[in-house]
Amino acid sequence: MRVIVLGGGLIGVITGYFLAREGHEAVVLERNEALAAETSFQNGGLLAPGHSQSWASPGALRTLIKSWFEREPALRLRLDAGSSFWGWVLPFLRQCNESSYRANTLRVMRCMMAGLDDLRALRAETGIDDGGNDAGILYVFRTEGSLEEKAGSWTLLRDHGLELEDASRERCVEIEPTLGPCREEIVGGFHAPGEGSGDACRFTRELAVLAARQHGLRIELGANIEHIRGSAAGVEAVVTDRGEFAGDAYVLATGPESPGLVRPLGLRLPICPAKGYTVSVSTVGYEGAPQVGVIEEDNLVAFARLGDWLRVGGQAEFSGFDASWRPANFSGVFRVARELFPDGGDYYRPHYWACLRPVTPGGPPILGASPIPNLFLNVGHGAAGWTMGSATSRAVADIVCGREPDLDMEGLAYGDQ
Ligand SMILES: Cc1cc2nc3c(=O)[nH]c(=O)nc-3n(C[C@H](O)[C@H](O)[C@H](O)COP(=O)(O)OP(=O)(O)OC[C@H]3O[C@@H](n4cnc5c(N)ncnc54)[C@H](O)[C@@H]3O)c2cc1C
(Lines give C-alpha, C1' and ligand atoms only; values in the text may rest on other atoms or scores of the structure.)
Protein backbone atom coordinates (compact mmCIF):
# COMPACT_ATOMS: atom_id res chain seq x y z
CA MET A 1 0.00 0.00 0.00
CA ARG A 2 1.21 3.53 -0.74
CA VAL A 3 0.44 5.97 2.08
CA ILE A 4 0.91 9.73 1.91
CA VAL A 5 1.52 11.32 5.32
CA LEU A 6 0.75 15.04 5.39
CA GLY A 7 3.10 16.87 7.77
CA GLY A 8 6.63 16.15 8.97
CA GLY A 9 6.41 16.98 12.66
CA LEU A 10 6.94 14.29 15.26
CA ILE A 11 3.47 12.83 14.65
CA GLY A 12 3.85 12.51 10.87
CA VAL A 13 7.34 11.05 11.08
CA ILE A 14 6.49 8.45 13.73
CA THR A 15 3.40 7.44 11.73
CA GLY A 16 5.56 7.16 8.60
CA TYR A 17 8.06 5.04 10.52
CA PHE A 18 5.43 2.53 11.66
CA LEU A 19 3.98 2.25 8.15
CA ALA A 20 7.36 1.90 6.42
CA ARG A 21 8.58 -0.61 9.02
CA GLU A 22 5.88 -3.01 8.01
CA GLY A 23 6.67 -2.74 4.36
CA HIS A 24 4.32 -0.05 3.09
CA GLU A 25 5.49 2.62 0.70
CA ALA A 26 5.18 5.69 2.95
CA VAL A 27 5.85 9.28 1.86
CA VAL A 28 6.00 12.18 4.35
CA LEU A 29 5.26 15.65 2.91
CA GLU A 30 6.70 18.64 4.79
CA ARG A 31 6.70 22.29 3.77
CA ASN A 32 9.88 23.24 5.63
CA GLU A 33 13.39 22.32 4.51
CA ALA A 34 13.76 20.31 7.74
CA LEU A 35 11.56 17.95 9.72
CA ALA A 36 10.14 18.90 13.13
CA ALA A 37 10.75 22.57 12.40
CA GLU A 38 7.56 23.95 13.94
CA THR A 39 5.73 22.78 17.09
CA SER A 40 7.94 19.71 17.45
CA PHE A 41 11.14 21.79 17.19
CA GLN A 42 11.72 23.07 20.72
CA ASN A 43 8.77 22.03 22.85
CA GLY A 44 8.82 21.62 26.62
CA GLY A 45 10.63 18.28 26.35
CA LEU A 46 8.77 16.59 29.20
CA LEU A 47 7.20 13.12 29.08
CA ALA A 48 4.57 13.89 31.63
CA PRO A 49 1.39 11.82 32.07
CA GLY A 50 1.10 13.65 35.40
CA HIS A 51 0.09 16.68 33.36
CA SER A 52 -2.92 15.08 31.67
CA GLN A 53 -5.41 17.50 33.19
CA SER A 54 -7.84 18.84 30.61
CA TRP A 55 -7.73 22.63 30.14
CA ALA A 56 -11.54 22.49 29.93
CA SER A 57 -12.16 22.42 33.67
CA PRO A 58 -15.02 23.92 35.71
CA GLY A 59 -12.67 26.79 36.70
CA ALA A 60 -11.37 27.52 33.18
CA LEU A 61 -13.57 30.55 32.45
CA ARG A 62 -12.59 32.16 35.77
CA THR A 63 -8.89 31.53 35.00
CA LEU A 64 -9.30 33.06 31.54
CA ILE A 65 -11.00 36.20 32.88
CA LYS A 66 -8.51 36.53 35.77
CA SER A 67 -5.64 36.38 33.26
CA TRP A 68 -6.70 39.74 31.75
CA PHE A 69 -5.76 41.41 35.04
CA GLU A 70 -2.43 39.66 35.59
CA ARG A 71 0.95 41.02 34.57
CA GLU A 72 2.49 37.64 33.70
CA PRO A 73 -0.46 35.29 33.12
CA ALA A 74 0.18 31.61 32.37
CA LEU A 75 -2.85 31.82 30.06
CA ARG A 76 -3.47 34.78 27.78
CA LEU A 77 -6.34 35.51 25.41
CA ARG A 78 -5.63 38.24 22.90
CA LEU A 79 -8.50 40.08 21.29
CA ASP A 80 -7.00 39.29 17.87
CA ALA A 81 -7.19 35.54 18.65
CA GLY A 82 -8.81 35.02 15.24
CA SER A 83 -11.64 32.87 13.91
CA SER A 84 -9.75 29.70 14.87
CA PHE A 85 -10.36 30.65 18.51
CA TRP A 86 -13.85 32.09 18.32
CA GLY A 87 -15.11 28.99 16.47
CA TRP A 88 -13.48 26.74 19.06
CA VAL A 89 -14.33 28.46 22.32
CA LEU A 90 -17.99 27.39 22.48
CA PRO A 91 -17.24 23.64 22.24
CA PHE A 92 -14.48 24.31 24.79
CA LEU A 93 -16.84 26.03 27.24
CA ARG A 94 -19.40 23.24 26.78
CA GLN A 95 -16.81 20.81 28.18
CA CYS A 96 -15.95 22.95 31.21
CA ASN A 97 -17.96 20.81 33.63
CA GLU A 98 -16.85 18.20 36.13
CA SER A 99 -17.89 15.07 34.26
CA SER A 100 -16.38 16.13 30.89
CA TYR A 101 -13.25 17.28 32.71
CA ARG A 102 -12.80 13.87 34.34
CA ALA A 103 -13.51 11.94 31.14
CA ASN A 104 -11.18 14.08 29.00
CA THR A 105 -8.39 14.04 31.59
CA LEU A 106 -8.50 10.25 31.79
CA ARG A 107 -8.51 9.92 27.98
CA VAL A 108 -5.42 12.13 27.75
CA MET A 109 -3.74 10.20 30.57
CA ARG A 110 -4.47 6.90 28.82
CA CYS A 111 -2.83 8.19 25.62
CA MET A 112 0.13 9.66 27.51
CA MET A 113 0.81 6.53 29.53
CA ALA A 114 0.63 4.36 26.41
CA GLY A 115 2.76 6.93 24.55
CA LEU A 116 5.48 6.87 27.17
CA ASP A 117 5.68 3.06 27.01
CA ASP A 118 5.72 3.12 23.20
CA LEU A 119 8.36 5.85 23.04
CA ARG A 120 10.61 3.89 25.37
CA ALA A 121 10.10 0.78 23.24
CA LEU A 122 10.95 2.81 20.12
CA ARG A 123 14.10 4.20 21.74
CA ALA A 124 15.16 0.68 22.66
CA GLU A 125 14.31 -0.72 19.23
CA THR A 126 16.12 2.02 17.29
CA GLY A 127 18.91 2.92 19.71
CA ILE A 128 18.07 6.61 19.36
CA ASP A 129 19.42 8.80 22.16
CA ASP A 130 17.41 12.03 22.23
CA GLY A 131 19.33 13.53 25.14
CA GLY A 132 16.53 12.95 27.63
CA ASN A 133 16.33 10.85 30.76
CA ASP A 134 13.96 8.68 32.81
CA ALA A 135 14.65 10.51 36.07
CA GLY A 136 10.98 11.28 36.83
CA ILE A 137 9.09 14.57 37.21
CA LEU A 138 8.35 16.74 40.24
CA TYR A 139 5.16 18.83 40.21
CA VAL A 140 5.91 21.59 42.74
CA PHE A 141 3.73 24.29 44.32
CA ARG A 142 4.67 27.68 45.72
CA THR A 143 1.92 28.05 48.33
CA GLU A 144 -0.18 25.77 50.53
CA GLY A 145 -3.24 27.41 48.97
CA SER A 146 -2.39 26.43 45.41
CA LEU A 147 -1.39 22.92 46.48
CA GLU A 148 -4.69 22.48 48.31
CA GLU A 149 -6.70 23.95 45.43
CA LYS A 150 -5.16 21.74 42.75
CA ALA A 151 -4.31 18.50 44.62
CA GLY A 152 -7.60 16.86 43.62
CA SER A 153 -6.62 16.60 39.96
CA TRP A 154 -3.54 14.53 40.86
CA THR A 155 -5.67 12.33 43.11
CA LEU A 156 -7.82 11.61 40.05
CA LEU A 157 -4.74 10.55 38.06
CA ARG A 158 -3.38 8.43 40.91
CA ASP A 159 -6.75 6.74 41.43
CA HIS A 160 -6.62 5.70 37.77
CA GLY A 161 -3.19 4.16 37.73
CA LEU A 162 -0.53 6.90 37.63
CA GLU A 163 2.39 6.16 39.92
CA LEU A 164 2.57 9.25 42.11
CA GLU A 165 4.06 10.05 45.49
CA ASP A 166 3.11 12.97 47.75
CA ALA A 167 6.31 14.93 48.27
CA SER A 168 6.94 17.33 51.13
CA ARG A 169 9.35 20.22 50.60
CA GLU A 170 12.19 18.14 52.09
CA ARG A 171 11.29 15.13 49.95
CA CYS A 172 11.36 17.35 46.83
CA VAL A 173 14.86 18.49 47.77
CA GLU A 174 15.91 14.90 48.41
CA ILE A 175 14.66 13.93 44.92
CA GLU A 176 16.12 17.00 43.21
CA PRO A 177 18.97 18.42 45.32
CA THR A 178 19.39 21.51 43.10
CA LEU A 179 16.13 22.77 44.65
CA GLY A 180 17.96 22.90 48.00
CA PRO A 181 19.26 26.48 48.00
CA CYS A 182 15.78 27.83 47.19
CA ARG A 183 13.74 25.32 49.20
CA GLU A 184 11.76 28.13 50.86
CA GLU A 185 10.29 28.97 47.43
CA ILE A 186 8.22 25.75 47.39
CA VAL A 187 5.90 23.99 49.81
CA GLY A 188 6.00 20.52 48.22
CA GLY A 189 4.04 18.70 45.55
CA PHE A 190 3.96 15.37 43.77
CA HIS A 191 6.63 13.09 42.38
CA ALA A 192 6.03 10.88 39.34
CA PRO A 193 9.06 8.55 39.33
CA GLY A 194 8.13 6.83 36.05
CA GLU A 195 8.23 9.98 33.89
CA GLY A 196 11.08 11.72 32.08
CA SER A 197 12.28 14.01 29.34
CA GLY A 198 13.57 13.98 25.77
CA ASP A 199 14.33 16.19 22.80
CA ALA A 200 11.42 15.68 20.39
CA CYS A 201 13.16 17.31 17.44
CA ARG A 202 16.31 15.25 17.77
CA PHE A 203 14.27 12.05 18.14
CA THR A 204 12.10 12.85 15.12
CA ARG A 205 15.00 13.70 12.82
CA GLU A 206 17.03 10.65 13.85
CA LEU A 207 14.00 8.39 13.46
CA ALA A 208 13.41 9.76 9.95
CA VAL A 209 17.01 9.05 8.90
CA LEU A 210 16.80 5.52 10.28
CA ALA A 211 13.38 4.89 8.70
CA ALA A 212 14.59 6.12 5.33
CA ARG A 213 17.75 4.03 5.46
CA GLN A 214 16.31 0.82 6.90
CA HIS A 215 12.70 0.82 5.71
CA GLY A 216 12.60 3.06 2.66
CA LEU A 217 10.52 5.89 4.19
CA ARG A 218 10.46 8.72 1.65
CA ILE A 219 10.67 12.28 2.97
CA GLU A 220 9.69 15.17 0.70
CA LEU A 221 10.94 18.43 2.18
CA GLY A 222 9.98 21.85 0.89
CA ALA A 223 6.64 20.51 -0.33
CA ASN A 224 3.95 22.97 0.68
CA ILE A 225 0.52 21.34 0.55
CA GLU A 226 -1.79 23.73 -1.29
CA HIS A 227 -4.89 21.62 -1.11
CA ILE A 228 -6.23 18.10 -0.97
CA ARG A 229 -7.95 17.03 -4.18
CA GLY A 230 -10.94 14.78 -3.70
CA SER A 231 -14.52 14.52 -2.56
CA ALA A 232 -16.60 12.75 0.07
CA ALA A 233 -15.93 9.56 -1.92
CA GLY A 234 -12.19 9.72 -1.36
CA VAL A 235 -8.96 11.70 -1.63
CA GLU A 236 -7.46 11.55 -5.13
CA ALA A 237 -4.18 13.40 -4.53
CA VAL A 238 -2.39 15.94 -2.37
CA VAL A 239 -1.52 19.01 -4.41
CA THR A 240 1.75 20.70 -3.41
CA ASP A 241 3.88 23.43 -4.96
CA ARG A 242 6.16 20.58 -6.03
CA GLY A 243 3.48 18.60 -7.80
CA GLU A 244 0.85 16.05 -6.86
CA PHE A 245 1.27 13.04 -4.58
CA ALA A 246 -1.25 10.22 -4.86
CA GLY A 247 -1.63 7.13 -2.73
CA ASP A 248 -4.01 4.44 -1.54
CA ALA A 249 -4.39 6.10 1.85
CA TYR A 250 -3.62 9.52 3.37
CA VAL A 251 -2.79 10.42 6.99
CA LEU A 252 -3.34 14.00 8.10
CA ALA A 253 -0.65 15.07 10.60
CA THR A 254 -0.31 18.78 9.94
CA GLY A 255 -0.63 19.89 13.59
CA PRO A 256 -2.33 23.27 14.10
CA GLU A 257 -2.84 23.74 10.33
CA SER A 258 -5.01 20.65 9.99
CA PRO A 259 -8.53 22.21 10.10
CA GLY A 260 -7.86 24.53 7.16
CA LEU A 261 -6.60 21.74 4.92
CA VAL A 262 -9.67 19.53 5.29
CA ARG A 263 -12.38 22.20 5.56
CA PRO A 264 -12.86 22.34 1.75
CA LEU A 265 -13.60 18.60 1.89
CA GLY A 266 -16.40 19.24 4.37
CA LEU A 267 -14.57 18.04 7.49
CA ARG A 268 -14.71 20.05 10.70
CA LEU A 269 -11.76 19.66 13.04
CA PRO A 270 -12.12 21.64 16.28
CA ILE A 271 -8.44 22.45 16.73
CA CYS A 272 -7.17 25.83 17.87
CA PRO A 273 -3.55 27.04 17.98
CA ALA A 274 -2.34 27.94 21.50
CA LYS A 275 1.06 29.57 21.49
CA GLY A 276 3.72 28.62 24.02
CA TYR A 277 7.20 29.95 24.67
CA THR A 278 10.34 27.94 25.42
CA VAL A 279 13.93 28.86 25.98
CA SER A 280 16.99 26.59 26.03
CA VAL A 281 20.09 27.51 27.99
CA SER A 282 23.43 25.76 28.22
CA THR A 283 24.17 24.09 31.56
CA VAL A 284 27.91 23.75 30.89
CA GLY A 285 29.72 25.30 33.85
CA TYR A 286 26.53 25.57 35.94
CA GLU A 287 25.95 23.33 38.96
CA GLY A 288 22.33 24.14 39.64
CA ALA A 289 20.35 22.60 36.77
CA PRO A 290 17.84 19.92 37.74
CA GLN A 291 18.19 16.37 36.40
CA VAL A 292 14.61 15.53 37.28
CA GLY A 293 11.89 17.22 35.21
CA VAL A 294 10.11 19.95 37.19
CA ILE A 295 6.80 21.71 36.62
CA GLU A 296 6.14 24.74 38.80
CA GLU A 297 2.37 24.64 39.05
CA ASP A 298 1.55 28.18 40.22
CA ASN A 299 2.87 29.79 37.03
CA LEU A 300 2.93 26.62 34.89
CA VAL A 301 6.61 26.81 34.06
CA ALA A 302 8.27 23.53 33.02
CA PHE A 303 11.94 22.53 33.27
CA ALA A 304 13.44 19.66 31.26
CA ARG A 305 17.06 18.56 31.34
CA LEU A 306 18.21 17.57 27.84
CA GLY A 307 21.88 16.60 28.07
CA ASP A 308 23.92 19.79 28.45
CA TRP A 309 20.82 21.95 28.04
CA LEU A 310 18.03 23.09 30.29
CA ARG A 311 14.76 23.74 28.49
CA VAL A 312 12.32 26.05 30.27
CA GLY A 313 8.85 26.66 28.88
CA GLY A 314 5.44 27.95 29.66
CA GLN A 315 2.37 30.03 28.83
CA ALA A 316 -0.60 29.39 26.63
CA GLU A 317 -1.59 32.32 24.48
CA PHE A 318 -4.55 32.38 22.13
CA SER A 319 -3.35 34.75 19.42
CA GLY A 320 -4.23 32.97 16.17
CA PHE A 321 -1.48 31.55 13.98
CA ASP A 322 1.09 34.14 15.04
CA ALA A 323 4.12 32.17 16.28
CA SER A 324 6.42 35.18 16.69
CA TRP A 325 8.21 36.01 19.95
CA ARG A 326 10.02 38.90 21.59
CA PRO A 327 12.49 38.59 24.49
CA ALA A 328 9.92 40.38 26.69
CA ASN A 329 7.57 37.39 26.29
CA PHE A 330 9.97 35.32 28.40
CA SER A 331 10.09 37.54 31.50
CA GLY A 332 7.73 35.30 33.52
CA VAL A 333 9.57 32.14 32.53
CA PHE A 334 12.94 33.64 33.51
CA ARG A 335 11.58 35.00 36.79
CA VAL A 336 10.47 31.52 37.88
CA ALA A 337 13.70 29.94 36.56
CA ARG A 338 15.83 32.34 38.62
CA GLU A 339 13.66 31.86 41.71
CA LEU A 340 13.92 28.05 41.68
CA PHE A 341 17.23 27.41 39.89
CA PRO A 342 19.37 30.58 40.05
CA ASP A 343 22.43 28.61 38.90
CA GLY A 344 20.49 26.47 36.42
CA GLY A 345 22.20 27.59 33.24
CA ASP A 346 23.42 30.46 31.13
CA TYR A 347 20.34 32.68 31.34
CA TYR A 348 22.33 35.43 29.55
CA ARG A 349 22.59 33.49 26.28
CA PRO A 350 19.10 32.11 25.71
CA HIS A 351 17.83 30.27 22.63
CA TYR A 352 14.27 31.50 22.30
CA TRP A 353 11.40 29.74 20.54
CA ALA A 354 7.63 30.01 20.28
CA CYS A 355 5.27 27.51 18.70
CA LEU A 356 1.62 26.54 18.48
CA ARG A 357 -0.04 23.68 20.33
CA PRO A 358 -2.82 22.06 18.27
CA VAL A 359 -5.50 22.05 20.98
CA THR A 360 -8.90 20.31 20.88
CA PRO A 361 -11.74 21.60 23.10
CA GLY A 362 -11.50 18.77 25.65
CA GLY A 363 -7.82 17.87 25.22
CA PRO A 364 -7.79 14.37 23.66
CA PRO A 365 -6.41 14.00 20.12
CA ILE A 366 -8.55 13.09 17.11
CA LEU A 367 -7.45 9.76 15.66
CA GLY A 368 -8.23 7.20 13.01
CA ALA A 369 -10.87 7.07 10.32
CA SER A 370 -12.55 10.20 8.95
CA PRO A 371 -15.82 10.40 7.01
CA ILE A 372 -13.68 10.27 3.86
CA PRO A 373 -12.86 6.57 3.33
CA ASN A 374 -9.12 6.80 2.53
CA LEU A 375 -8.30 9.80 4.76
CA PHE A 376 -7.08 9.10 8.31
CA LEU A 377 -6.44 11.55 11.15
CA ASN A 378 -3.60 11.90 13.66
CA VAL A 379 -4.18 15.44 14.90
CA GLY A 380 -4.99 17.63 17.92
CA HIS A 381 -2.29 16.47 20.33
CA GLY A 382 -2.29 19.81 22.18
CA ALA A 383 0.22 20.18 24.97
CA ALA A 384 0.98 16.47 25.15
CA GLY A 385 1.98 15.30 21.67
CA TRP A 386 5.55 14.41 22.53
CA THR A 387 4.38 12.13 25.33
CA MET A 388 1.45 10.53 23.53
CA GLY A 389 2.67 10.65 19.90
CA SER A 390 4.27 7.20 19.69
CA ALA A 391 1.05 5.52 20.88
CA THR A 392 -1.31 7.58 18.73
CA SER A 393 0.88 7.08 15.66
CA ARG A 394 1.11 3.34 16.20
CA ALA A 395 -2.67 3.22 16.63
CA VAL A 396 -3.31 5.23 13.45
CA ALA A 397 -0.86 3.07 11.47
CA ASP A 398 -2.75 0.00 12.74
CA ILE A 399 -6.09 1.49 11.65
CA VAL A 400 -4.71 2.40 8.20
CA CYS A 401 -3.62 -1.23 7.86
CA GLY A 402 -7.07 -2.47 8.85
CA ARG A 403 -6.10 -3.70 12.32
CA GLU A 404 -7.72 -3.05 15.68
CA PRO A 405 -5.26 -0.83 17.61
CA ASP A 406 -4.06 -1.75 21.11
CA LEU A 407 -4.88 1.79 22.27
CA ASP A 408 -8.42 2.10 23.65
CA MET A 409 -10.01 4.51 21.15
CA GLU A 410 -12.99 5.57 23.30
CA GLY A 411 -13.52 9.33 22.90
CA LEU A 412 -10.71 9.75 20.37
CA ALA A 413 -12.55 9.43 17.05
CA TYR A 414 -13.61 12.12 14.59
CA GLY A 415 -16.80 13.75 15.91
CA ASP A 416 -16.16 12.82 19.56
CA GLN A 417 -15.00 16.36 20.45
C1 LIG B 1 5.49 25.52 24.06
C2 LIG B 1 5.12 24.08 23.92
C3 LIG B 1 5.60 23.16 24.85
C4 LIG B 1 5.25 21.81 24.73
N5 LIG B 1 5.75 20.94 25.64
C6 LIG B 1 5.43 19.63 25.56
C7 LIG B 1 5.94 18.71 26.50
O8 LIG B 1 6.72 19.08 27.40
N9 LIG B 1 5.56 17.43 26.41
C10 LIG B 1 4.68 16.99 25.44
O11 LIG B 1 4.33 15.82 25.44
N12 LIG B 1 4.23 17.84 24.49
C13 LIG B 1 4.57 19.15 24.53
N14 LIG B 1 4.08 20.03 23.62
C15 LIG B 1 3.17 19.53 22.60
C16 LIG B 1 3.87 18.91 21.41
O17 LIG B 1 5.02 19.64 21.09
C18 LIG B 1 2.89 18.87 20.22
O19 LIG B 1 1.70 18.22 20.59
C20 LIG B 1 3.51 18.12 19.03
O21 LIG B 1 4.75 18.69 18.69
C22 LIG B 1 2.58 18.19 17.84
O23 LIG B 1 3.23 17.52 16.79
P24 LIG B 1 2.63 17.54 15.31
O25 LIG B 1 3.52 16.69 14.51
O26 LIG B 1 1.18 17.23 15.38
O27 LIG B 1 2.70 19.06 14.90
P28 LIG B 1 3.92 19.84 14.21
O29 LIG B 1 5.18 19.58 14.89
O30 LIG B 1 3.49 21.26 14.08
O31 LIG B 1 4.00 19.17 12.79
C32 LIG B 1 3.11 19.46 11.75
C33 LIG B 1 3.93 19.63 10.53
O34 LIG B 1 3.06 19.82 9.42
C35 LIG B 1 3.66 20.75 8.57
N36 LIG B 1 2.64 21.40 7.75
C37 LIG B 1 1.59 22.14 8.16
N38 LIG B 1 0.90 22.61 7.10
C39 LIG B 1 1.54 22.17 6.01
C40 LIG B 1 1.31 22.33 4.61
N41 LIG B 1 0.31 23.07 4.13
N42 LIG B 1 2.16 21.73 3.75
C43 LIG B 1 3.20 20.96 4.20
N44 LIG B 1 3.46 20.80 5.51
C45 LIG B 1 2.65 21.38 6.40
C46 LIG B 1 4.34 21.75 9.49
O47 LIG B 1 5.36 22.45 8.83
C48 LIG B 1 4.84 20.85 10.60
O49 LIG B 1 6.17 20.46 10.43
C50 LIG B 1 4.40 21.38 23.69
C51 LIG B 1 3.95 22.29 22.74
C52 LIG B 1 4.30 23.63 22.83
C53 LIG B 1 3.81 24.60 21.83
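The model shown is predicted, which means the values in this text are computed figures rather than measured ones. (Residues numbered from 1 in each chain as written. Predicted model: local features only at pLDDT ≥ 70, side-chain atom pairs only at ≥ 80, totals over all residues.)

1. Structural notes on the overall build of the protein
Inference 1: Each helix and strand counted, the protein has 11 helices and 20 strands in total.
Inference 2: In summary, the protein has a C-alpha radius of gyration of 20 Å against a globular reference of 22 Å for 417 residues, a match within 12%.
Inference 3: C-alpha extents for the protein along the principal axes are approximately 60 × 45 × 40 Å.
Inference 4: For the protein, with 417 residues in total, the buried portion stands at 52%. (Helix = DSSP H or I, 4+ residues; strand = E, 2+ residues; numbered from the N terminus. Rg over C-alpha atoms; globule rule 2.2 N^0.38 Å. Buried ≥ 20, exposed ≤ 12 C-beta atoms within 10 Å, placed from the backbone.)

2. Digging into the nonpolar core
Inference 1: The biggest cluster of nonpolar side chains holds 125 residues, and the ones touching the most others in it are Val5, Leu6, Leu29, Tyr250, Val251 and Leu252.
Inference 2: With 10 residues, the top contributor of residues to this core is helix 5 (residues 98-126).
Inference 3: Built from parts of two domains, this core gets at least three residues from each of domain 1 (2-40 + 202-270 + 363-400) and domain 2 (46-105 + 131-196 + 272-359). (Core = buried A, V, L, I, M, F, W, Y, C linked by C-beta atoms within 7 Å. Domains from an automatic or database assignment.)

3. Observations regarding the sheet that holds strand 10 (residues 225-231)
The strands making up a sheet associate through hydrogen bonds between their backbones, and the pairing can be parallel or antiparallel.
Inference 1: Ordered by their spatial adjacency, 3 strands build an open sheet running 10-11-12, and the pairing between neighbours is antiparallel. Of all the strands in the sheet, just strand 10 and strand 12 (243-245) have a single pairing partner and so form its edges. Within this sheet the neighbouring strands show an average axis-to-axis angle of 25°, counted without direction.
Inference 2: Relative to strand 12, strand 11 (residues 234-240) runs antiparallel, the two sharing 3 bridges. The residue of strand 12 that forms the bridge with Val239 is Glu244. (Pairing = 2+ DSSP bridges. Axes fitted to C-alpha atoms, helices over the stretch in contact; angles between N-to-C directions.)

4. Topic: the site of the ligand
Inference 1: In the vicinity of the ligand, 41 residues are found, and the nearest of them are Gly9, Gly44, Gly255, Gly276 and Gly385.
Inference 2: Every element with two or more residues in the shell around the ligand is listed here: helix 1 (10-21), strand 14 (272-282), strand 18 (351-359) and helix 11 (385-400).
Inference 3: Considering every element that reaches the shell around the ligand, the biggest residue donor is strand 18, with 4 residues.
Inference 4: Its residues placed into classes, the shell around the ligand shows 16 nonpolar, 20 polar and 5 charged.
Inference 5: In terms of domain composition, the shell around the ligand takes at least three residues from each of domain 1 (2-40 + 202-270 + 363-400) and domain 2 (46-105 + 131-196 + 272-359). (Near = placed C-beta within 6 Å. Nonpolar A, V, L, I, M, F, W, Y, C, P; charged D, E, K, R; others polar.)

5. Brief notes about the environment of Ile271
Inference 1: Following the sequence through the fold, Ile271 ends up in the loop between helix 9 (258-262) and strand 14.
Inference 2: Remark: the alpha-carbon pair of Ile271 and Gly363, spanning 92 residues in sequence, is separated by 9.7 Å.
Inference 3: The residues touching Ile271, leaving out its near neighbours within four places in the chain, are Pro256, Ser258, Pro259, Pro358, Val359, Thr360, Val379 and Gly380. (Contact = placed C-beta atoms within 7 Å.)

6. So, the sheet that holds strand 19 (residues 366-369)
Inference 1: Strand order in this open sheet of 6 strands is 9-2-1-13-20-19, and the pairing throughout is mixed. With one partner strand each, in any of the chains shown, strand 9 (218-220) and strand 19 form the two edges of the open sheet. Each strand axis lies, on average, 20° off the axis of its neighbour in the sheet, ignoring direction.
Inference 2: Inspection of the sheet shows strand 1 (residues 2-6) paired to strand 2 (residues 25-29) by 5 bridges, in the parallel sense. Each bridged residue has a counterpart across the sheet, and for Leu6 the counterpart in strand 2 is Leu29.
Inference 3: Along the sheet, helix 1 contacts strand 1, strand 2, strand 13 (249-252) and strand 20 (375-379); its crossing angle with strand 2, the most-contacted strand, is approximately 170°.

7. Notes on the domain arrangement of the protein
Inference 1: Taken domain by domain, the protein consists of domain 1 (2-40 + 202-270 + 363-400) and domain 2 (46-105 + 131-196 + 272-359).
Inference 2: Here the C-alpha centroids of domain 1 and domain 2 sit 28 Å apart.
Inference 3: Contacts between the two partners involve 16 residues from domain 1 and, on the opposite side, 16 residues from domain 2.
Inference 4: Partitioned by chemical class, the residues of the side of domain 1 that touches domain 2 number 6 nonpolar, 8 polar and 2 charged.

8. Some remarks on the packing of helix 1 against helix 11
Inference 1: With their axes 8 Å apart at the nearest point, helix 1 and helix 11 run at an angle of 40° to one another. Classified by the angle their axes make, helix 1 and helix 11 are oblique. For helix 1 against helix 11, the interelement crossing comes out right-handed. Counting all contacts with helix 1, which are made through Leu10, Ile11, Ile14, Thr15, Phe18 and Leu19, the residues of helix 11 involved are Gly385, Trp386, Gly389, Ser390, Ser393, Arg394, Val396, Ala397 and Val400. (Parallel < 35°, antiparallel > 145°, perpendicular 65-115°, else oblique. Left-handed = near helix turned anticlockwise from the far one by under 90°.)

9. Points about unusual backbone geometry
Inference 1: Located in the positive-phi region is Ala36, a residue other than glycine, with phi close to 50°.
Inference 2: Tracing the backbone through its elements, the reader meets Ala36 in the loop between strand 2 and strand 3 (46-47).

10. Here's the deal with helix 8 (residues 200-215)
Inference 1: With 16 residues, helix 8 extends 21 Å between its outermost C-alpha atoms, agreeing within 8% with the 22 Å of an ideal straight helix rising 1.5 Å per residue.
Inference 2: Among all positions in helix 8, only Ala200, Cys201, Phe203, Thr204, Arg205, Leu207, Ala208 and Ala211 are buried.
Inference 3: Immediately beyond the C-terminal end of helix 8, within one or two residues, lies Gly216, with a positive phi of roughly 75°. (Expected span 1.5 Å × (residues − 1).)

11. Brief notes about the pairing of strand 19
Inference 1: Relative to strand 20, strand 19 runs antiparallel, the two being bridged by 4 bridges. Bridging from a neighbouring strand, Ile366 pairs with Val379 of strand 20.

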